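# Overview (structure and organization)
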Amino acid sequence: MLKISMNEIDKLFKAIAESDTLYLPIEKGDQIEFYAYDDDAKVRLDALHTVKSAKDAFLPNCETMMKFKVEGKNIEIEEQARVSEEFVILGVRACDARSFAILDKVYLSDPVDTFYAARREHGIVVSLACSKPEETCFCTKFDIDATEPEGDVITWIVDDVFYWEAKTEKGKALTEKIKAVFEETDNTAVEKQKEEVKAVLDRLPLNSMDMEYLKGADMMELFKSPKWEELYKSCLGCGTCTFVCPTCQCYDIRDYDTGHGITRYRCWDSCMYKDFTMMAHGTNRKTQLERFRQRFMHKLSYFPINNDGEFGCVGCGRCISKCPISMNITKVIKTLGGDSE
């Protein structure tokens, strides 16, 4: 295991940025998001959650897919290059780190999404263990260890020391390039913190939430449950939950006339919107109840059925803190399981 003082953490950032683009939780205005590092960046490794999740590094909020030039009957296609250089995203919490594995099941299955695949191939994930989980966290319900998150490198902050441990070949290669900024240490302080944090996680209010009903529930029984009628009514259909969610996968593809050509791009979309999957005949889900049910059935039933029981949620708690009317996935889980509190 390696370490560096938090007072010297900029040395680590600069060392990484010398060879690879580095993304970190950075404060701009009153928002904290993953941005590319520069000397003036206000890095916030203390922030438990960025507003948008770290999935933005692999599935950008908006990206150009190709461009067209049309002259008479001739169409010239300009395909967009895939990411080909390594980049590092540092400060990824355990919930967001697990979300990458969930997204992989969608975007790396046949047919492979080559834009996503290129970013996954060249992206190096440096995760950061949680030391101060919040009451909205419930990652433990999905077998996520917030004290030892997944990643190419795992890091911990204990007191004023930043600890670093490479886990994969990509992580070890990165470590080799920057090891001069570190010094060797043992894992005594890290192990002590892990025990303390696990004790806190066990006491979080949502840790007692019962998931067993959903693990064995019949899909059509859930789909036809009369409880959707009481659940959906307060939903505004704003889509906030989908845009802050680390595991939401939906996107829309559009063509934009620039005046001298056509740009085809894709951007995140939300199943909570009434024009989602709109086609010439309209849309398949015409009511807010249907749209609301679709979102949570996908997370809690459809996805697990098709992925060996793995839920499409990582318990980050963003939807709890951001929903304007406090209608979130934990309330759905509790209500479907018979607990309406």
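Here goes a summary of the coordinates provided. (Residues numbered from 1 in each chain as written. Predicted model: local features only at pLDDT ≥ 70, side-chain atom pairs only at ≥ 80, totals over all residues. Heavy atoms only, no water.)

### Quick word on the pairing of strand E2 (residues 21-28)
The sheet contact formed by E2 and strand E6 (residues 87-92) spans three bridges and is parallel. For Tyr-23, the partnering residue across the bridge sits in E6 and is Ile-89. Bridge count between E2 and strand E3 (residues 31-36): six bridges; the pairing is antiparallel. Its bridge partner lying in E3, Pro-25 is registered against Phe-34. Between E2 and E3, which follow one another and run antiparallel, lie two residues, and Gly-29 among them has a positive phi close to 65 degrees. (Pairing = 2+ DSSP bridges. Helix = DSSP H or I, 4+ residues; strand = E, 2+ residues; numbered from the N terminus.)

### Regarding the sheet that holds strand E11 (residues 251-257)
Taken in spatial order, the four strands make up an open sheet running E5-E4-E12-E11, and their pairing is antiparallel. The sheet is open, and its two borders are formed by strand E5 (74-79) and E11, each paired with just one other strand. On average, adjacent strands in this sheet sit at an angle of 25 degrees to one another, irrespective of strand direction. In this structure, strand E4 (residues 62-71) lies alongside E5, joined through six bridges in antiparallel fashion. From the neighbouring strand, Met-66 faces E5, where its bridge partner is Glu-79. Contacts between helix H3 (residues 114-122) and the sheet are confined to E4 and strand E12 (262-268), with E4 contributing the most and set at about 135 degrees to the helix. (Axes fitted to C-alpha atoms, helices over the stretch in contact; angles between N-to-C directions. Contact = heavy atoms within 4.5 Å.)

### Quick notes on the pattern of salt bridges
For the structure shown, the criterion picks out 28 salt bridges. Its salt-bridge partner being Asp-46, residue Arg-44 comes within 2.8 Å of it at the nearest N-O pair. Take Asp-46: its relative accessible area is 55%, and that puts it in the exposed class. The closest approach of N and O atoms between Asp-104 and Arg-120, which form a salt bridge, is 2.9 Å. Separated by 16 residues along the polypeptide, Asp-104 in helix H2 (residues 94-107) and Arg-120 in helix H3 bring together distant segments of the chain. Several salt bridges converge on common partners, so that one network encompasses Glu-148, Glu-165, Lys-167, Glu-191 and Lys-194. (Salt bridge = Lys/Arg side-chain N within 4 Å of Asp/Glu carboxyl O. Buried < 20%, exposed > 50% of the residue type's maximum accessible area, 1.4 Å probe, protein only.)

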